[in-house]
Amino acid sequence: MKMSRSLKLSRLRDIGFAKWDPIGLLAEGGIWDHKPFANEYDPYLLEAAGRLQEDGTLESVVEFLMEIERDHMGLGLKATSRQRAEATATAIQAYLDNADGSD
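Residues numbered from 1 in each chain as written. Predicted model: local features only at pLDDT ≥ 70, side-chain atom pairs only at ≥ 80, totals over all residues. Heavy atoms only, no water.

A. A look at the overall build of the protein chain. Helix and strand counts for the protein chain stand at 4 helices and 0 strands. For the protein chain, the sequential pattern of α-helices and β-strands runs α-α-α-α. Rg of the C-alpha trace for the protein chain: 13 Å, near the compact-globule value of 13 Å for 103 residues, within the 12% margin. Expressed along its principal axes, the backbone C-alpha trace of the protein chain runs to roughly 35 × 30 × 20 Å. By the burial criterion, 39% of the 103 residues in the protein chain qualify as buried. Taking as baseline every contact in the protein chain between residues at least 6 positions apart, the subset at least 24 positions apart corresponds to 61%. Carbon and sulfur atoms make up 49% of the accessible area of the protein chain, which amounts to about 5800 Å² in all. Treating the 12 positive side-chain charges of the protein chain as one cloud and the 18 negative ones as another, the clouds have centres 2 Å apart. (Helix = DSSP H or I, 4+ residues; strand = E, 2+ residues; numbered from the N terminus. Rg over C-alpha atoms; globule rule 2.2 N^0.38 Å. Buried < 20%, exposed > 50% of the residue type's maximum accessible area, 1.4 Å probe, protein only. Contact = heavy atoms within 4.5 Å. Areas by Shrake-Rupley, 256 points an atom, 1.4 Å probe, with all protein chains shown as cover. Lys, Arg positive; Asp, Glu negative; His and termini not counted. Charge placed at Lys NZ, Arg CZ, Asp CG, Glu CD.)

Written out as structure tokens, the structure is:
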């Protein structure tokens, strides 16, 4: 997926682990940096950001993240799945809206 501007992967990871983390890899309050699983969600977070950059709707990105959790990861959906996906999509959108290339 073509990105219209450079993204800082560390910011997407911050968002992904804080808001989404469907597998539950990071203990609450933990830090993903230098963990062997740090890149676990990279393809999904980059795809979500790319979709938002290409004028995708928040709802389509929420659905994408839920589909990844349910089907690709085979986790099914939990009571918190939609809430976590919405928080993640909203945070990525806010990052994109505020990113000036140096963020």
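B. How the structure looks around the nonpolar core. By size, the foremost hydrophobic cluster in this structure holds 29 residues, and its most contacted members are L12, W20, Y41, Y44, L65, I92 and Y95. For this core, the secondary structure elements donating two or more residues are helix 1 (9-20), helix 2 (42-53), helix 3 (58-72) and helix 4 (81-98). When sequence neighbours within four positions are dropped, the list of residues in contact with L12 reads L7, L45, L46, A49, I92 and Y95. (Core = buried A, V, L, I, M, F, W, Y, C linked by side-chain atoms within 4.5 Å.)

C. Looking closely at the environment of G16. Its location among the elements puts G16 in helix 1. On the basis of relative accessible area, G16 is assigned to the buried category, the value being 0%. In this structure the C-alpha to C-alpha distance between G16 and E28, which are 12 residues apart in sequence, comes to 13 Å. What G16 contacts, discounting residues up to four positions off in sequence, is D21 and L45.

D. Looking closely at the packing of helix 3 against helix 4. As a packed pair, helix 3 and helix 4 sit with axes 9 Å apart at the nearest point and diverge in direction by 130°. Looking at the two axes, helix 3 sits oblique to helix 4. Crossing geometry of helix 3 relative to helix 4 is assigned as right-handed. Here L58, E59, V61, V62, E63, L65, M66 and E69 of helix 3 lie close against helix 4, whose contacting residues are S81, R82, R84, A85, E86, T88, A89, T90 and Q93. Taken together, the residues that form the contact of helix 3 with helix 4 break down as 7 nonpolar, 4 polar and 6 charged. (Axes fitted to C-alpha atoms, helices over the stretch in contact; angles between N-to-C directions. Parallel < 35°, antiparallel > 145°, perpendicular 65-115°, else oblique. Left-handed = near helix turned anticlockwise from the far one by under 90°. Nonpolar A, V, L, I, M, F, W, Y, C, P; charged D, E, K, R; others polar.)

E. Representation of the pattern of salt bridges. Counted under the stated rule, the structure contains 8 salt bridges. R11 is the partner of D14 in a salt bridge, and the nearest nitrogen-oxygen pair spans 3.3 Å. With D14 and R11 both in helix 1 and 3 residues apart, the pair spans about one turn of that helix. On the basis of relative accessible area, D14 is assigned to the partly exposed category, the value being 34%. Residue classification places R11 among the partly exposed residues on the basis of a relative accessible area of 28%. The salt bridge partner of R82 is E59, with a shortest N-O separation of 3.2 Å. Within this pair, whereas R82 is found in helix 4, its partner E59 is found in helix 3, the two being separated by 23 residues in sequence. (Salt bridge = Lys/Arg side-chain N within 4 Å of Asp/Glu carboxyl O.)

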